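Chain by chain, the residues:
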Amino acid sequence: MFRGFTLTPEFKVRLVAAQFDGYTETGSSANLTVGSRTVQGLEERAVATLAYVGYAGAKRITLYGQINSRNAPKAAREELLAIGTLICQAFRRKSQQADSRDAP
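Analysis parameters
- Numbers given for residues are sequential positions, taken from 1 along each chain in its written order.
- Reporting of local features is limited, given that this is a predicted model, to residues whose pLDDT is at least 70; pairs of side-chain atoms are given and counted only at 80 or more, and all residues count toward the totals for whole chains, interfaces and linings.
- The basis for the side-chain values is all heavy atoms of the structure; hydrogens and waters are excluded.
- Secondary structure follows DSSP: runs of H or I at least 4 residues long count as helices, runs of E at least 2 residues long count as strands, and numbering of each begins at the N terminus.
- Throughout, a residue-residue contact means that at least one pair of heavy atoms, one from each residue, lies within 4.5 Å.
- A 1.4 Å probe and the Shrake-Rupley method give the accessible areas. Residues count as covered only by the protein chains that appear here.
- A pair of Phe, Tyr and Trp rings is counted when the ring centres sit within 6.5 Å of each other, with Trp represented by its six-membered ring. The angle between the planes then sorts it: under 30 degrees is stacked, over 60 is edge-to-face, the rest tilted.
- Accessible area is worked out with a 1.4 Å probe on protein chains only. A residue is then buried under 20% of its type maximum, exposed over 50%, and partly exposed in between.
- The salt bridge criterion pairs a side-chain nitrogen of Lys or Arg with a carboxyl oxygen of Asp or Glu, the two atoms within 4 Å.
- Following DSSP output, two strands are said to pair if at least two bridges run between them.
- Working convention: axes come from line fits to C-alpha atoms, limited for helices to the stretch in contact. Angles between N-to-C directions cover 0 to 180 degrees.

Novice: An account of the overall build of the protein is requested, with residue identities and associated values reported.
Specialist: When its secondary structure is counted, the protein shows one helix and five strands. Contacts in the protein between residues far apart in sequence, at least 24 positions, make up 48% of those at least 6 positions apart. As displayed, the protein offers around 8,800 Å² of accessible surface, 55% of which is attributable to carbon and sulfur atoms.

Below is the structure:
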């Protein structure tokens, strides 16, 4: 990127699952029976961190900002995930080009 700046993309996917046994409550005029069930959830998260490290005289300056899809509105989350996909594709292309140059 630019001198002193780094952009770090981060992508996470988490699958959460829980299984609950069924039960029956008795002892009243309206007994209750609850069946067993399984609950699953999938959570995806994209984070982009832009950092700058520079110097002001002898003092080191570090600044960074972060965009987190989890806390962003839906449109921003979708945009951030799309940008992350493009970044990954660009890195993959550069890696493939470097591999092809290194091949005998």
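Novice: Kindly report on the packing of aromatic side chains, identifying the contributing residues and their values.
Specialist: A full pass over the atoms with the stated rule returns one aromatic pair. A ring pair is formed by Phe-5 and Tyr-52, whose centres lie 4.8 Å apart and whose planes are at 45°; its orientation type is tilted. Here Phe-5, found in strand E1 (residues 5-20), pairs with Tyr-52, found in strand E4 (residues 37-56); they are 47 residues apart in sequence, far enough to count as distant. Residue Phe-5 is classed as partly exposed on the basis of its relative accessible area of 35%. Its relative accessible area of 28% is what places Tyr-52 among the partly exposed residues.

Novice: Which residues make up the environment of Leu-50, and what values do they have?
Specialist: You can see Leu-50 is positioned in strand E4. The exposure class of Leu-50 is partly exposed, given its relative accessible area of 36%. For the pair Leu-50 and Ile-67, spaced 17 residues apart in sequence, the C-alpha to C-alpha distance is 8.8 Å.

Novice: Describe the pattern of salt bridges, with residues and values.
Specialist: A full pass over the atoms with the stated rule returns one salt bridge. In this structure, Glu-10 engages Lys-12 in a salt bridge whose closest nitrogen and oxygen atoms are separated by 3.2 Å. Among the residues examined, Glu-10 registers a relative accessible area of 31% and is labelled partly exposed. Here Lys-12 falls in the partly exposed class, since its relative accessible area comes to 42%.

Novice: Any chance you could break down the sheet that holds E1 for me, citing the residues and the numbers?
Specialist: What the three strands build is an open sheet, ordered E1-E4-E5; its pairing is antiparallel. Across the chains shown, the open sheet's two edge strands, defined by having one partner strand only, are E1 and strand E5 (59-68). Neighbour to neighbour, the strand axes of the sheet diverge by 20° on average, direction disregarded. With 16 bridges connecting them, E1 and E4 associate as antiparallel partners. If you follow Phe-5 over to E4, its bridge partner there is Tyr-52.

Novice: Requested: an account of the pairing of E4, with residues and values cited.
Specialist: Pairing analysis gives ten bridges linking E4 to E5, with the strands arranged antiparallel. From the neighbouring strand, Gly-54 faces E5, where its bridge partner is Ile-61. Between E4 and E5, which pair antiparallel one after the other, the connecting turn spans two residues, and Gly-57 there sits at a positive phi close to 70°.

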